[in-house]
Amino acid sequence: MRLWPGRAPASRPGQLRVLVPFANGALDPAVLQAAIRIARAEEGILVPAYLVFVPLEFDLEAPLHGEASVAMPLLEAVENASLRAGVPVDARIERGRAPIDALRRLWEAESFDRILIPAQASCVDSAFSAPGIFVERSQQAAASAVYNIQFDTAVAAAGEYR
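Predicted model only: the values in this text are computed from it and were never measured.

**Here we look at the overall build of the protein**
Within the protein, the secondary structure is distributed over five helices and six strands. Counting across all 162 residues of the protein, residues that qualify as buried make up 46%. Residue pairs in contact within the protein that sit at least 24 positions apart in sequence constitute 72% of those at least 6 positions apart. Total accessible area on the protein stands at roughly 8400 Å², and carbon and sulfur atoms take up 54% of it.

Okay, here's the thing in structure tokens:
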């Protein structure tokens, strides 16, 4: 779900889209700074996505006001940091039953060139094992390692991965 539909940044065909998913009211500052640097260097768009996990006892579309009240200030802070750095932002909130479910919902709706997540994130290797996806652990410092996940556009163009 795009947060501010009327405020989507103008994009050029083929412009790099850097997804930064986060949840539970926290975004690793090292991941955010790395994503901003990559998007700025490659003249791309930063796509922060707050992932909301919906318990099985609720309908997937049930209103979760508590999550929204946590997500909105965080997404606004990310947008402000990105815009101060001169990087356009296209924020999202996505629901799912688990982190990978919310990410797959995002992937079904649109495509991304890179995804940056903290290295301590669970299920990185299994969640991102698909044709055309390459996971590289970017070790900036022992305490703030970041996974840089890239997509092979040739594989995506062949229809093997969207």
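**Some thoughts on helix α2 (residues 65-84)**
The terminal C-alpha atoms of α2, which comprises 20 residues, lie 29 Å apart, in line with the 28 Å expected from a rise of 1.5 Å per residue. Here α2 has its buried residues at A71, L75, V78, E79, A81 and S82. In this structure, the buried residues of α2 make contact with β1 (17-23), α1 (29-41), β2 (45-53) and β3 (92-96). Directly after α2, the chain includes G86, whose backbone phi takes a positive value near 80 degrees.

**Description of the nonpolar core**
If you look at the biggest cluster of nonpolar residues, it comprises 25 residues, and the most contacted ones within it are V18, V20, L32, L46, Y50 and L116. If you list the elements that add at least two residues to this core, you get β1, α1, β2 and α2. The element best represented in this core is α1, accounting for seven residues. Ranked by size, the runner-up nonpolar core spans 13 residues in total, among them A102, L106, I115 and I117.

**Considering the confidence of the model for the protein**
Taken residue by residue, the protein gives an average pLDDT of 75. The fraction at 70 or more is 65%. Model confidence for the protein, summarised as mean pLDDT per element, is weakest for helix α5 (residues 153-157) at 43 and strongest for β2 at 94. The model gives residues 122-144 a pLDDT under 50, and that stretch makes 45 contacts with residues more than four places away or in other chains. Under a pLDDT of 50 for its full length, residues 151-162 has, in the predicted model, 24 contacts with residues more than four places off or in other chains.

**Quick word on the pairing of β2**
Burial analysis of β2 places eight of its nine residues in the buried class, the great majority of the element. In terms of strand pairing, β1 meets β2 through seven bridges, oriented parallel. If you follow L19 over to β2, its bridge partner there is V47. Taken together, β1, α1 and β2 form a β-α-β motif whose crossover is right-handed. Note: β2 against β3, five bridges, orientation parallel.

**Observations concerning the environment of A102**
Its location among the elements puts A102 in helix α3 (residues 99-109). Take A102: its relative accessible area is 0%, and that puts it in the buried class. With 49 residues separating them in the primary sequence, A102 and F53 have C-alpha atoms 7.6 Å apart.

**Examining the packing of aromatic side chains**
Taken as a whole and assessed by the stated rule, the structure comprises one aromatic pair. Ring centres 5.3 Å apart and planes at 80 degrees place the aromatic pair F22 and Y50 in the edge-to-face group. Note that F22 is positioned in strand β1 and Y50 in strand β2, a separation of 28 residues in sequence.

What counts, and at which threshold
Residues numbered from 1 in each chain as written. Predicted model: local features only at pLDDT ≥ 70, side-chain atom pairs only at ≥ 80, totals over all residues. Heavy atoms only, no water. Helix = DSSP H or I, 4+ residues; strand = E, 2+ residues; numbered from the N terminus. Buried < 20%, exposed > 50% of the residue type's maximum accessible area, 1.4 Å probe, protein only. Contact = heavy atoms within 4.5 Å. Areas by Shrake-Rupley, 256 points an atom, 1.4 Å probe, with all protein chains shown as cover. Expected span 1.5 Å × (residues − 1). Core = buried A, V, L, I, M, F, W, Y, C linked by side-chain atoms within 4.5 Å. pLDDT = per-residue confidence, 0-100. Pairing = 2+ DSSP bridges. Right-handed = clockwise from strand over helix to strand, strands pointing away. Phe/Tyr/Trp six-rings, centres within 6.5 Å; stacked < 30°, edge-to-face > 60°.

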